[in-house]
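What follows is the residue order along each chain.
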Amino acid sequence: MNQFRLSRRPDIGSRIRVSFEFFPPKTDDAETRLWETIKRLEPLAPKFVSVTYGAGGSTRERTARTVTRIHNETSLTPAAPLPCVDASRDEVEAVIAELVGRGIRNFVALRGDPAEGVGACYRPHPDGYANGAELVAALSRAGDFDISVSAYPEKHPESPDFATDIDMLKRKVDNGATRAITQFFFDNDLYERYVERVRRAGIFVPIVPGILPIHNFAQVANFASRCGAHVPAWLAERFEGLAGDPQTHMLVAAAVAAEQVLDLVERGVGDFHFYTMNRADLPLAICHMIGIRAAARQPTSVAA
């Protein structure tokens, strides 16, 4: 695929459902910025919002606190991340019980990245769950939850081939996953071919595209190279010469992401998950461009 096409259909926004992902703040200033972002995105009435963990589960307590606050102080439905990296089964099950006790019924079940970060060798905890499929099974035994899992249109970097990767996804779905959310990608043909492979394997849950607005092209390109995501030449050309022009960079980023979403809508996709990086400007602009407007009701007031 060379590049995306903007749709001119006036009713397109009514066919789209979005969700947003945040990461837990590490400082008081970052927490203030996160809640400003949440308040700005809340009127868009996303299907749910998720909060990530740091590598190795390093932000477990901050993440749980953020998820709980979203549940208690906003109209949003939070999906709590649940990695099994560097944690025993007893520890994971205690986290599940604690979150359920706080009223959480939506989870994102993930193996998680090693503490050393993306690309480091993963070693299961000796008393823990070996992978995401085992974790989903544990969640399903604990209750009737909405469970999202990860999917990889360009396969997981550690998978030897697509067959192995898709077999792992099937095990997660067979164990109770509700949907799969993909790693970000920039070539919609790759996503479409992946969905075809998944369906041939007998997997019929929604495969929700993960959309990454490009706040900084150089950083995104570097991260993509480490996690196996292809950056098309035409995309690099869009951002060429904009490293010192943040305003134009943002305009181009909004257009690129909106084009990607609308092209996927034309291919029959209706659900999208945005990796916000705790910033509201680009997600808001993109949602406006694809026809999603603030809900009529006013958002719940949230103290900063």
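Sequence order sets the numbering: in each chain, residues are counted from 1 along the sequence as written. Restriction of local features to residues with pLDDT of at least 70 applies here, the model being predicted, together with a cutoff of 80 or more for giving and counting side-chain atom pairs; totals for whole chains, interfaces and linings are based on all residues. Side-chain calculation: all heavy atoms of the structure are included, whereas hydrogens and water are not.

Undergrad: Mind laying out unusual backbone geometry, listing which residues take part and the relevant values?
TA: Non-glycine residue Met277 carries a positive phi angle of around 60°. In this structure Met277 comes out as partly exposed when scored by relative accessible area, which is 43%. For Asn278, which is not glycine, the phi dihedral falls at a positive 60°. By the element assignment, Asn278 lies in the loop between strand 8 (271–275) and helix 10 (281–289). Asn278 sits in the buried class, given a relative accessible area of 9%. For every residue, the accessible area (1.4 Å probe, protein chains only) is compared with the maximum for its type, and the residue is labelled buried under 20%, exposed over 50%, or partly exposed between those bounds. Note on conventions: DSSP H or I runs of at least 4 residues are helices, E runs of at least 2 residues are strands, and numbering of each starts at the N terminus.

Undergrad: Explain helix 6 (residues 188–200) to me, and be specific about the residues and the numbers.
TA: In an α-helix, one turn spans 3.6 residues; hence positions three or four apart end up facing the same way. Under the convention used throughout, the expected extent of a helix is 1.5 Å for every residue step, that is, one less than its residue count. Here helix 6 is 13 residues long and its end C-alpha atoms lie 19 Å apart, about the 18 Å a rise of 1.5 Å per residue gives. Of all the residues in helix 6, the buried ones are Asn188, Asp189, Leu190, Tyr191, Tyr194, Val195 and Val198. Close packing links the buried residues of helix 6 with strand 5 (146–151), helix 5 (162–174), strand 6 (179–184), strand 7 (207–211) and helix 9 (246–266). The backbone nitrogen of Asp189 has a side-chain oxygen 2.9 Å away, supplied by the residue at the start of helix 6, namely Asp187. Looking one or two places after helix 6, you find Gly202, whose phi comes out positive at around 85°. Two residues form a contact once any of their heavy atoms are found within 4.5 Å. Distance and chemistry together define a polar contact, namely a pair of N or O atoms within 3.5 Å, with one atom able to donate a hydrogen and the other to accept it when in protein, and with adjacent residues in sequence counting only for side-chain atoms on both sides.

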